[in-house]
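Descriptive structure summary
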2 protein chains.
Amino acid sequence: MFRHIIIFGATGSIGTSTLNVIRRNRHHFSVVGIAANTNVEKLAQIAHEFSVPNVGIFDKHAFTGKDSLFKRGTHFFVGEDGLCELAQLSEATAVSMAMAGIAGLKPTMAAIEGKKTLLLASKEILVATGKFVMESARTNDVQILPVDSEHNAIFQCLLGNGNDFIDRLILTASGGPFRNFSRQEMENISVEQALRHPVWNMGKKITVDSATMANKALEIVEAKWLFDVPSDHIDVVIHPESIVHSMVKFCDGSIIAQMCPPNMEYPIANCLFFPERERLAKPSINFAEQGRLNFFAPDTTKFPHLAIIRRCLEADSNACAVFQAANEVAVDEFLNHRIKFTQISEIVAKTLDIYLGEPMTSLKSCEESVIKARSTAKGIAKEFN
Amino acid sequence: MFRHIIIFGATGSIGTSTLNVIRRNRHHFSVVGIAANTNVEKLAQIAHEFSVPNVGIFDKHAFTGKDSLFKRGTHFFVGEDGLCELAQLSEATAVSMAMAGIAGLKPTMAAIEGKKTLLLASKEILVATGKFVMESARTNDVQILPVDSEHNAIFQCLLGNGNDFIDRLILTASGGPFRNFSRQEMENISVEQALRHPVWNMGKKITVDSATMANKALEIVEAKWLFDVPSDHIDVVIHPESIVHSMVKFCDGSIIAQMCPPNMEYPIANCLFFPERERLAKPSINFAEQGRLNFFAPDTTKFPHLAIIRRCLEADSNACAVFQAANEVAVDEFLNHRIKFTQISEIVAKTLDIYLGEPMTSLKSCEESVIKARSTAKGIAKEFN
């Protein structure tokens with residue numbers, strides 16, 4: 001197996017893990033392109049280490065005067081249009097999309113239209129615009145490999161099984177650091193506390209989303225689009241050890257679960273090597289040592305995002321895009337110490353009171369809903385300041 | 001999907017469960033033949049309920065004067081030769097083999113040669129003669145679907161995955177009723193105690209085998225043959241809830257597990273419907289209610305069968321057939337109150353001291369080893385009486 005890959009979001013957490021997997025499997029991969037939002041220095045470092053000939057950067061200004069950091073002959077792709085061009089590079093067979101937020105939407109659509117196998121880590125893209133992304137993937141006969149550990153788990157559980165036989169998807173959630181907090185204690189959660197995740201080591205935004213369980217709410221939407229399962233057939237169960245990454249219950253009562261240590265390199269490697277598997281001399285779970293796997297139901301009064309997202313899914317509108325945009329704004333406000341932890345979900349709920357029914361007519365309509373939602377959420381946040 | 005099936009061992013525990021699944025799915029199955037060892041009355045009952053035209057019985061005498069129990073026009077197949085003929089019935093597409101012990105060996109081979117899909121529940125057949133059964137299945141391009149819950153679990157975990165990528169198989173074991181007994185307490189286990197299994201409802205022989213963990217030892221051998229995995233890559237872990245029925249660890253560190261309630265109808269239905277799945281309105285596991293799954297390492301000093309079988313597997317001889325034959329004799333002695341619970345494994349070990357190196361040259365050599373082992377085991381048991 002040999003794969004030519006472009007990595008969008010190469011400087012972020014997922015990008016770094018992706019490069020770790022590739023570093024130990026050089027004979028299987030060639031990194032033909034990398035891209036990031038702003039971090040030119042790190043891009044240059046990666047370009048040198050992996051001899052990457054094509055480099056993209058979203059923020060035009062970040063790049064000014066820094067091309068000398070790269071080897072002569074490097075091709076540069078700048079701005080959104082540049083990234084779209086990079087995504088269609090003829091020498092690439094696969095694109096890993098791990099840019100934060102929905103910045104990667106257009107390059108993702110370009111990669112799909114360019115018939116590249118898509119390793120999709122940016123859940124925001126599916127949450128906001130899943131309908132259109134999946135439609136395009138079907139039309140272009142492009143396979144989407146889910147990088148998110150839960151969705152990668154489901155993907156693995158479904159191997160060799162017809163989608164017809166799915167009864168329910170069961171997403172597991174670590175429950176984050178506050179699963180045992182009282183509602184009262186949650187009022188006073190500091191930014192520092194929220195950024196200390198008990199199991200997973202991730203970026204700031206997603207760590208807060210994990211603490212509020214907004215992350216799990218978004219994953220329900222992501223699963224709905226990826227696996228074409230009605231959202232009322234997607235359950236969430238708390239599993240603090242984060243060893244069972246998700247499960248599929250089939251119509252015959254059989255449940256298939258995927259497990260591995262809570263480390264993103266496992267699902268990333270799964271996508272990179274699919275349909276093969278990495279030959280890894282690393283340990284996995286020792287069940288006798290592990291001893292116990294725990295499960296319990298999530299408390300949606302303590303984690304309102306989980307209840308709010310059900311409203312959005314029922315609305316069958318742009319509400320999920322609104323949810324995500326409002327949440328992004330609210331988390332940003334929280335990280336900047338301008339609102340309380342519990343106000344994150346309040347901002348999302350209030351924004352949705354206005355935009356729950358936004359019709360999902362096109363990719364453009366999603367983007368417009370996002371813009372309106374962000375602006376409204378900012379206004380609501382101001383009232384809390 | 002419509003399947004024409006013959007059920008060997010129709011009157012036993014697995015046969016009864018198989019018929020339960022078929023009863024609720026009449027439009028998918030036609031039972032074209034049934035067979036049993038001796039229980040003519042029950043066979044007649046089943047023949048009536050399922051309008052079965054072909055009936056086999058192993059014990060010629062059991063049948064004498066009882067053909068009036070059956071509808072006129074029923075075809076009878078008597079003795080081992082009769083059962084072999086039944087197994088090749090042209091109108092059948094699948095054969096379910098669930099006769100106790102290795103009585104079903106010749107009909108199994110006949111079914112394979114007759115190109116019938118084989119639903120295999122009789123683990124003894126694989127333990128004693130797995131090499132030859134699997135060789136014949138490959139030659140005849142016949143699929144063997146494992147009915148045993150652990151092997152069916154592994155079968156499901158492997159769907160869509162190449163065998164090349166298997167690292168280890170992890171067989172789970174309930175640990176039986178005595179997993180928390182001290183070695184001392186085990187000396188005095190009564191037949192009654194041994195027949196009270198905490199989770200599974202099964203026949204007597206297999207319930208005792210579950211209590212001694214001989215059953216799990218046999219399953220290691222069964223897994224080795226079914227999945228072509230070296231036995232030192234097959235682990236056993238105690239899992240008292242019997243919800244995770246077994247797991248596969250792949251070379252990339254991913255572990256896939258299959259779960260369902262501890263009820264044989266689930267794996268049986270899986271085999272009956274494969275590659276489809278039964279559409280069952282039955283509940284499965286509710287993880288939030290279940291709360292906890294426990295795992296720990298088996299204690300091979302308390303359950304010596306688990307250590308003894310490793311010796312047999314390393315010997316690469318007829319030792320597994322000897323193990324099984326000696327164990328069968330010993331369990332019978334125990335059930336007849338002639339030896340102690342802990343003497344079951346002693347008889348097996350002592351028989352193996354003599355026959356560990358019996359060469360595995362042919363199906364016939366297996367059968368001969370079994371006969372010698374049974375006779376020797378009986379002799380050893382006498383010394384304990």
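One structure accompanies this document, and this report is about it. (Residues numbered from 1 in each chain as written. Chains lettered and ligands numbered in written order. Predicted model: local features only at pLDDT ≥ 70, side-chain atom pairs only at ≥ 80, totals over all residues. Heavy atoms only, no water.)

Moving on, we get to the sheet that holds strand β10 (residues 244-250) of chain B. Across the sheet, which stays open at both edges, the eight strands sit in the order β9(A)-β8(A)-β10(A)-β11(A)-β11(B)-β10(B)-β8(B)-β9(B) with mixed pairing between neighbours. What marks the edges here is a single partner per strand, and that holds for β9 (234-238) of chain A together with β9 (234-238) of chain B. Averaged over all adjacent pairs, the angle separating strand axes in this sheet is 20 degrees, with direction ignored. When strand β8 (residues 166-173) of chain A meets strand β10 (residues 244-250) of chain A, the two strands line up antiparallel, connected through five bridges. Paired with A:I166 across the bridge in β10(A) is A:F250. Here helix α11 (residues 214-227) of chain B sits on the sheet in contact with β8 (166-173) and β9 of chain B, set at roughly 150 degrees to β8(B). (Pairing = 2+ DSSP bridges. Helix = DSSP H or I, 4+ residues; strand = E, 2+ residues; numbered from the N terminus. Axes fitted to C-alpha atoms, helices over the stretch in contact; angles between N-to-C directions. Contact = heavy atoms within 4.5 Å.)

The final tally for this structure, using the stated rule, is 18 aromatic pairs over all chains. Summarising the aromatic geometry, the rings of A:F63 and A:F70 are spaced 6.2 Å apart at their centres and angled 45 degrees between planes, so their arrangement reads as tilted. By the burial criterion, A:F63 is buried, and A:F70 matches it. Pairing A:F287 with B:F295 gives two aromatic rings, centres 5.1 Å apart and planes at 50 degrees, and the pair type is tilted. (Phe/Tyr/Trp six-rings, centres within 6.5 Å; stacked < 30°, edge-to-face > 60°. Buried < 20%, exposed > 50% of the residue type's maximum accessible area, 1.4 Å probe, protein only.)

In this section: the environment of A:A330. Residue and element names in this part refer to chain A. In this fold, A330 is placed in helix α15 (residues 319-335). Of the residues examined, A330 reaches a relative accessible area of 0% and is grouped as buried. Contacts of A330, omitting those with residues within four sequence positions, involve I339, I344 and I347.

Between chain B and chain A, the residue contacts involve 41 residues of the former and 41 residues of the latter. Together, the buried faces of chain B and chain A total about 3,700 Å²; carbon and sulfur atoms form 55% of this surface. Of all residues in chain B, B:D252, B:R277 and B:F287 bury the most surface against chain A, accounting for 18% of the area lost on that side. Summed over the shared surface of chain B and chain A, the result is two salt bridges. Between B:R277 and A:D252 there is a salt bridge, with its nearest N and O atoms 3.0 Å apart. Where chain B touches chain A, the interface holds 24 residue pairs in polar contact (both at pLDDT 80 or more). Looking at which element gives the most residues to the side of chain B that touches chain A, the answer is strand β11 (residues 255-259) of chain B, with five residues. Of the residues assigned to the side of chain B that touches chain A, the class counts are 22 nonpolar, 10 polar and nine charged. Pairing of strand β11 (residues 255-259) of chain A with β11(B) involves five bridges; the strand directions are antiparallel. (Buried area = accessible area lost by both parts, 1.4 Å probe. Salt bridge = Lys/Arg side-chain N within 4 Å of Asp/Glu carboxyl O. Polar contact = N/O pair within 3.5 Å; in protein donor to acceptor, adjacent residues only side chain to side chain. Nonpolar A, V, L, I, M, F, W, Y, C, P; charged D, E, K, R; others polar.)

Residues and elements named next belong to chain A. If you check α15, its first and last C-alpha atoms are 24 Å apart, about what 17 residues at 1.5 Å a residue would give, namely 24 Å. The element α15 is extensively covered by neighbouring structure, given that 14 of its 17 residues are classed as buried. Downstream of α15 by a residue or two, H337 has a phi angle that is positive, lying close to 60 degrees. (Expected span 1.5 Å × (residues − 1).)

Turning our attention to the relation of the copies chain B and chain A. Overlaying chain B with chain A gives an RMSD of 0.0 Å, the required rotation being 180 degrees about an axis along which the chain moves by 0.0 Å. Such a combination of rotation and displacement between the chain copies is what one expects of a two-fold axis. Residue B:G160 of chain B places its C-alpha closer to the rotation axis than any other residue of that unit, at 2.0 Å. With an isologous cut-off of 70% or more, the 100% of interface residues of chain B that recur at the interface of chain A puts this contact in the isologous class. (Least-squares fit on C-alpha atoms with pLDDT ≥ 70 in both.)

Attention shifts here to the nonpolar core. Counting 265 residues, the largest nonpolar core has A:F8, A:I34, B:F8 and B:I34 as its most contacted members. Ranked by residues supplied to this core, first place goes to helix α15 (residues 319-335) of chain B with 12 residues. Apart from residues no more than four positions distant in its own chain, B:I34 is found in contact with B:I6, B:I7, B:A10, B:L43, B:I46, B:A47, B:V52, B:N54, B:V55, B:G56 and B:L86. Residues A:A257, A:F295, B:L293 and B:F295 belong to the second largest nonpolar core, which totals 24 residues. (Core = buried A, V, L, I, M, F, W, Y, C linked by side-chain atoms within 4.5 Å.)

On to the sheet that holds strand β1 (residues 3-8) of chain B. Residues and elements named next belong to chain B. Across the sheet, which stays open at both edges, the seven strands sit in the order β4-β3-β2-β1-β5-β6-β7 with parallel pairing between neighbours. Looking along the sheet, the strands with just one partner apiece sit at the ends: β4 (75-78) and β7 (144-146). On average, adjacent strands in this sheet sit at an angle of 20 degrees to one another, irrespective of strand direction. As defined by bridge partners, strand β3 (residues 54-57) adjoins β4 across four bridges and the pair is classed as parallel. Note that in β4 the partner of I57 across the bridge is V78.

Residues and elements named next belong to chain B. Look at helix α7 (residues 149-158) against helix α12 (residues 265-273): their axes get within 9 Å of each other, and the N-to-C directions meet at 50 degrees. Our classification of the angle between α7 and α12 gives oblique. For the element pair α7 and α12, the recorded crossing hand is left-handed. Packed against α7, whose contacting residues are S149, N152, F155 and Q156, the element α12 presents P267, N270 and C271 at the interface. Taken together, the residues of the contact of α7 with α12 break down into three nonpolar, four polar and no charged. (Parallel < 35°, antiparallel > 145°, perpendicular 65-115°, else oblique. Left-handed = near helix turned anticlockwise from the far one by under 90°.)

Next up on the list: the pairing of strand β6 (residues 117-120) of chain B. Every regular strand shows the same layout, with side chains that alternate between the two sheet faces. Residues and elements named next belong to chain B. In this structure, strand β5 (residues 94-97) lies alongside β6, joined through four bridges in parallel fashion. The residue of β6 that forms the bridge with M97 is L120. Between β5 and its parallel partner β6, the chain crosses via helix α5 (residues 105-113), and the hand of that crossover is right-handed. The pairing of β6 with β7 spans three bridges and is parallel. For L118, the partnering residue across the bridge sits in β7 and is I144. Assessed by its sense of winding, the connection that carries the chain from β6 through helix α6 (residues 123-139) to β7 is right-handed. (Right-handed = clockwise from strand over helix to strand, strands pointing away.)

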